[in-house]
Number of protein chains: 2
Amino acid sequence: MTKQDLLDTYNRVKPYVHNTPILTSRLVNEHVEAQVYFKCENFQRAGAYKIRGATNAIMQLSEDQKKNGVVTHSSGNFAQALSLAAKSLGIKAYIVMPSNAPKVKREAVLEYGGEIIECEPTIEARQHAADEIVKSTGATFIHPSNHPDVILGQGTAAYELLEKIPDLDYIICPVGGGGLIAGTALVGTYFSEHCKVIGTEPFEADDAYRSLISGKIESNITANTIADGLRTQLGSHNFPIIKEHVSEIIRVTENDIIEAMKFIWERMKIIIEPSSAVAFAGVVKQESQFKNKKIGVIISGGNVDVTNLPF
Amino acid sequence: MTKQDLLDTYNRVKPYVHNTPILTSRLVNEHVEAQVYFKCENFQRAGAYKIRGATNAIMQLSEDQKKNGVVTHSSGNFAQALSLAAKSLGIKAYIVMPSNAPKVKREAVLEYGGEIIECEPTIEARQHAADEIVKSTGATFIHPSNHPDVILGQGTAAYELLEKIPDLDYIICPVGGGGLIAGTALVGTYFSEHCKVIGTEPFEADDAYRSLISGKIESNITANTIADGLRTQLGSHNFPIIKEHVSEIIRVTENDIIEAMKFIWERMKIIIEPSSAVAFAGVVKQESQFKNKKIGVIISGGNVDVTNLPF
């Protein structure tokens, strides 16, 4: 994936995504003794950065492929994002969701026009159901994170951030399936001379941290983390990029995540989901490393059940 | 208070307050079938518009008065705002707070450098304690809402809003002590040809609604509303302005307020306090009146205990 691929991607998806605001806070900066720039993808369409990659992947399909629609399996933000991106582009989206997916997530998918196919709550059942849809409808399968066009699309958030704040020392983002961090790392490499890209993970789902040590994709045996977007593992398309371009993975505890989330809510007055709080928790945890630096933090999303909070 | 007074006020306080962002949301606009511009004073310093009036009032003091500091009685946003404004301007702030004020509010005042004087939780005790401070220290009493310089300062939020969106049909804001609505109404009159200013109130504290009917300042016998910033009544300085320049007061139920607050949290991903939700609840309630109009909604503040929510 080249610098030109990223520029083309940005120009392609620009009309369909928000150039989200970058917020700063004096109080936050004093707290961590650094200059922090929050790229607010919680204000993005469908409440998370995922619409970027979903839009790009759909736009790269041929006209024939578009006629048959797209399919993915997700119970999270990508399900909503693909539904909305497909609707905006006038094509059909099939979303395979486990039967135990929260009602609020099902409703969001339906609201954005996606068609839900229920399956048993196992990885095998999800993939099997998606394969069946591909067979019966001719829809194209779009993986939520391990897909080149998704990775390129997710990178556009960091591109917008560097466009406005070009002299960042670091960009920090959470690591789940690896789409966001891979796209961000490519952008950091191509569009900045010295900006390092750092990933953050819960200790409870530290597969990326372990993967960088072992040199192969590791899984999470359990993933008991409140950061529900980060329970997944890396993939064949994004892992090589992460290995080459990500300088470090910081791990944080569940308590770090909840503290960071509450701090951002109270001080910034913005609603961020636990997975997003993981990035700022990493800054707090390694404060001395970031002292007096300019840091971009990608607030990946704001989809959280406000009637069921961890504080 | 003249147009020039407002311009002077704006130029005076500008270096000390944030020109807060104006947010819009496609989903919100579709929901109410109007174009809504949210002036986000929840992102203001100390989390509410109150810093505007507090700053202006302090800056209008003589050098001799400044030496002795300022005093107010408040258990809400004005306590924090006066503390922070005084700190920014290098003067002393005494804050009279009832002994039953929430710990979180006391801590915020202390953090912003205010000195707390505790009193019994009655209106008489509050005024008495403030009078004592004036006598013993020579500090100047600044009323949270019924003070000409406070009214002018609060108007600067609407001024910034009209500067960016000049062709608004309505500006809607909540009515508590009357400082914000009076300042907003003056700005609407002086800086727009046709923009109407509307106030919103809980039914449970509808003193302004009743005051406009009776032609004199009415009180709330009870004020059992979740909108804790709106339990107070109008004053001698702001009531005449409100009578002349406010076109209407819309009243909403407690349920309307909670629904509006939850809707904004979930859809806009921003944290607003119940008093702020009252303004948007008014838009939802009288949707047909606002259909296809351009509406500015002042989100007055975001200071809410996130561990104790009404949903």
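The model shown is predicted, which means the values in this text are computed figures rather than measured ones.

Draft legend 1. Here's a closer look at the packing of helix α5 (residues 77–88) of chain B against helix α6 (residues 103–111) of chain B. Residues and elements named next belong to chain B. Two elements in contact, α5 and α6, have axes whose closest approach is 8 Å; the angle formed by their N-to-C orientations is 10°. Taken as axis vectors, α5 and α6 run roughly parallel relative to one another. In this structure, α5 contributes Ala-79, Gln-80, Ser-83 and Lys-87 to the contact, and α6 contributes Ala-108, Val-109 and Glu-111. A per-class count over the contact of α5 with α6 returns 3 nonpolar, 2 polar and 2 charged.

Draft legend 2. Highlighting the domain arrangement of chain A. Residues and elements named next belong to chain A. You can read the domains of chain A as domain 1 (3–48 + 147–299) and domain 2 (51–141). Here the C-alpha centroids of domain 1 and domain 2 sit 24 Å apart. With 24 residues of domain 1 at the contact, the number on the domain 2 side is 17 residues. Looking at the side of domain 1 facing domain 2, the largest losses of area belong to Arg-12, Tyr-16 and Ala-46, adding up to 35% of the total buried there. The interface formed by domain 1 and domain 2 includes 3 salt bridges. For Arg-52, the salt bridge goes to Glu-41, with nearest N and O atoms at 2.7 Å.

Draft legend 3. Geometry of the pairing of strand β10 (residues 294–299) of chain B. Residues and elements named next belong to chain B. Burial analysis of β10 places 6 of its 6 residues in the buried class, which makes it a mostly covered element. Side chains Lys-294, Gly-296 and Ile-298 project from β10 onto one buried face, and the interleaved Ile-295, Val-297 and Ile-299 project onto a second face that is buried too. Note: strand β2 (residues 35–40) against β10, 6 bridges, orientation parallel. In the strand pairing of β10, Val-36 is matched with Ile-295. Where strand β7 (residues 170–174) and β10 come together, 3 bridges link them in parallel fashion. Its bridge partner being in β10, Tyr-170 is matched across the sheet by Ile-295.

Draft legend 4. Geometry of unusual backbone geometry. One non-glycine residue, Lys-269 of chain A, adopts positive backbone phi at about 60°. Examined against the element boundaries, Lys-269 of chain A turns out to sit in the loop between α12 (254–268) and α13 (274–285). Judged by its relative accessible area of 9%, Lys-269 of chain A is buried. Look at Glu-33 of chain B: it is not a glycine, yet its phi comes out positive at around 50°. Within the secondary structure layout, Glu-33 of chain B lies in the loop between α2 (26–32) and β2. Its relative accessible area of 40% is what places Glu-33 of chain B among the partly exposed residues.

Draft legend 5. Summary view of the packing of aromatic side chains. Under the defined criterion, the tally for this structure stands at 13 aromatic pairs over all chains. Relative to Phe-280 of chain A, the ring of Phe-263 of chain A lies with its centre 5.9 Å away and its plane at 10°, an arrangement referred to as stacked. With Phe-263 of chain A in helix α12 and Phe-280 of chain A in helix α13, this residue pair connects regions lying 17 residues apart in the sequence. Centroid distance Trp-265 of chain B to Phe-311 of chain B: 5.4 Å. Interplanar angle 80°. Geometry classified as edge-to-face.

Draft legend 6. A look at the sheet that holds strand β6 (residues 140–141) of chain A. Residues and elements named next belong to chain A. The 4 strands lie next to each other as β5-β4-β3-β6, forming an open sheet whose pairing is parallel. One side of each edge strand has no neighbouring strand; the edge strands of this open sheet are β5 (115–119) and β6. Pairing of strand β3 (residues 70–73) with β6 involves 2 bridges; the strand directions are parallel. Bridged to Val-71 within β6 is Phe-141.

Basis of the calculations
- Residues numbered from 1 in each chain as written.
- Chains lettered and ligands numbered in written order.
- Predicted model: local features only at pLDDT ≥ 70, side-chain atom pairs only at ≥ 80, totals over all residues.
- Heavy atoms only, no water.
- Axes fitted to C-alpha atoms, helices over the stretch in contact; angles between N-to-C directions.
- Helix = DSSP H or I, 4+ residues; strand = E, 2+ residues; numbered from the N terminus.
- Parallel < 35°, antiparallel > 145°, perpendicular 65-115°, else oblique.
- Contact = heavy atoms within 4.5 Å.
- Nonpolar A, V, L, I, M, F, W, Y, C, P; charged D, E, K, R; others polar.
- Domains from an automatic or database assignment.
- Buried area = accessible area lost by both parts, 1.4 Å probe.
- Salt bridge = Lys/Arg side-chain N within 4 Å of Asp/Glu carboxyl O.
- Buried < 20%, exposed > 50% of the residue type's maximum accessible area, 1.4 Å probe, protein only.
- Pairing = 2+ DSSP bridges.
- Phe/Tyr/Trp six-rings, centres within 6.5 Å; stacked < 30°, edge-to-face > 60°.

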